Amino acid sequence: MGRQDSSGGTRAAKALHDEAFAHLRRRNLLPAQALLQGLQEQHAGSSHCLLVEGHCALIGAGDPRAAEALYERGARAAIGKMDTCDAMHALARLCRIEERWEEAEAHYTAALALRPDCPDLSQEGCFAHAKRLVLSGQPAAAAAEFEAGLVTAGAEWQPHFARERAAARALGGGAVRTVVREYREALRLGGLPSELALGETLSTLATHAEAEAEHGAAAARARAAEYLQQARRAFAACSHGAAGGDGDGAAAAATACFRLGQTLEGLCALGEDPEGDAEGDGEGGEGGEGGEGGEGGEGVPVAEPAARLPGTAASARRAALAYGRAIALAPTMAAAYEVRA
């Protein structure tokens, strides 16, 4: 048929396009390819036919360059607002996937000008705009944009908005408690995979703050200590696995225990007292890493050789107990860190 020569042909091609794309989003390649064949037979050379070819190249074959070329051809073949909008959306989506934020924002802006009432375009365009603000050195403005987007985002996008809001807030020097609260909301929504991942994120923020402190930023040292205290809480919360239990669970708990030990040592190095209100990361207590009875919680014995780990000789008792519990949960960890009896 060539290019669509009627609004009916355009609508039919779009319907096939939308159905094929829905299959591809669920990774159902065969039904999408069958629909593409129908498009090629009935609407060869049409904008939506080219777009589906591009979707198959991107999602099915993993070839973004072929997809981009097909999307650009689809934009040139467009004969109406509906075609052009879908072509701009396809290009915007590809640029977003590749984190080409300036280009993504430009394509979303073009698509939204043609269809300002589309929820998908609105939330994706908002996300791209906020990411572009981060890259242009405006993290506070980006955090505000992510927060606004979170209010109206669908369930699929809420985790992304929540996570990126917290990241932008941290980058802009927001209050540590606010950053932690926002990361915890991201965790609740699925924007972070686990409490352990939250601990790693907060520990990374502490490292960045320590680097700033080394360059004379006096307040950065206090921020580093506060991030480490919050990371300690996160690691302690997910360190209660039991020896002999589920392999993945025990391994994650062992990692959390080891990272807890490192975090406690980091606090000691900063002159901070990790002993104060430590929940479950030291002397006895429910699910703690140790106690006078030599147990690491949940029947896991604390290994005394933990004190021989590099750098732990002068550590607080809780750090040594955390290392010991890590080794009790994952004995091979002792060899990995060259602990010798």
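In this section: the packing of aromatic side chains. Counting across every chain of the model gives seven aromatic pairs. Counting every residue linked through ring pairs, the aromatic cluster contains Trp101, Phe127, Phe146, Trp157 and Phe161.

A separate point is helix H4 (residues 64-77). For H4, built from 14 residues, the straight-helix expectation of 20 Å at 1.5 Å per residue is met to within 8% by its first-to-last C-alpha distance of 20 Å. Summarising the contacts, the buried residues of H4 are in contact with helix H3 (47-60) and helix H5 (81-97).

Turning next to the pattern of salt bridges. By the definition in use, this model includes 22 salt bridges. Ionic pairing is found between Arg100 and Glu68, a salt bridge with its closest N-O pair at 2.8 Å. In this pair, Arg100 sits in the loop between H5 and helix H6 (101-114) while Glu68 sits in helix H4, placing the two residues 32 residues apart along the sequence. For the pair formed by Arg100 and Glu68, the shared burial category is buried. A salt bridge links Glu185 to Arg165; the nearest nitrogen and oxygen atoms lie 2.7 Å apart. Of the two residues, Glu185 is situated in helix H10 (residues 176-189) and Arg165 in helix H9 (residues 158-171); the sequence distance between them amounts to 20 residues. Within the structure, one salt-bridge network assembled from shared partners comprises Glu147, Arg165, Arg169, Glu182, Glu185 and Arg188.

For the rest of this paragraph, the subject is unusual backbone geometry. Negative phi characterises most residues that are not glycine, and trans characterises most peptide bonds. Located in the positive-phi region is Arg27, a residue other than glycine, with phi close to 65 degrees. Along the chain, Arg27 falls in the loop between helix H1 (7-25) and helix H2 (29-42). By relative accessible area, which is 61% here, Arg27 ends up exposed. For Glu99, which is not glycine, the phi dihedral falls at a positive 60 degrees. We classify Glu99 as exposed; its relative accessible area is 57%.

What follows deals with the confidence of the model for the protein. Keep in mind that low pLDDT regions are not for reading the predicted coordinates in detail. When pLDDT is averaged along the protein, the result is 85; 81% of the residues meet or exceed 70. Confidence drops under pLDDT 50 across residues 1-5; counting only partners more than four residues distant or on other chains, this segment forms 19 contacts. Scored below 50 in pLDDT, residues 282-315 shows 82 contacts in the model against residues more than four places distant or in partner chains.

Tracing the chain through its elements places Arg73 in helix H4. On a C-alpha basis, the gap between Arg73 and Leu50 in space is 6.9 Å, while along the polypeptide they are 23 residues apart.

The rules behind these values
Residues numbered from 1 in each chain as written. Predicted model: local features only at pLDDT ≥ 70, side-chain atom pairs only at ≥ 80, totals over all residues. Heavy atoms only, no water. Phe/Tyr/Trp six-rings, centres within 6.5 Å; stacked < 30°, edge-to-face > 60°. Helix = DSSP H or I, 4+ residues; strand = E, 2+ residues; numbered from the N terminus. Expected span 1.5 Å × (residues − 1). Contact = heavy atoms within 4.5 Å. Salt bridge = Lys/Arg side-chain N within 4 Å of Asp/Glu carboxyl O. Buried < 20%, exposed > 50% of the residue type's maximum accessible area, 1.4 Å probe, protein only. pLDDT = per-residue confidence, 0-100.

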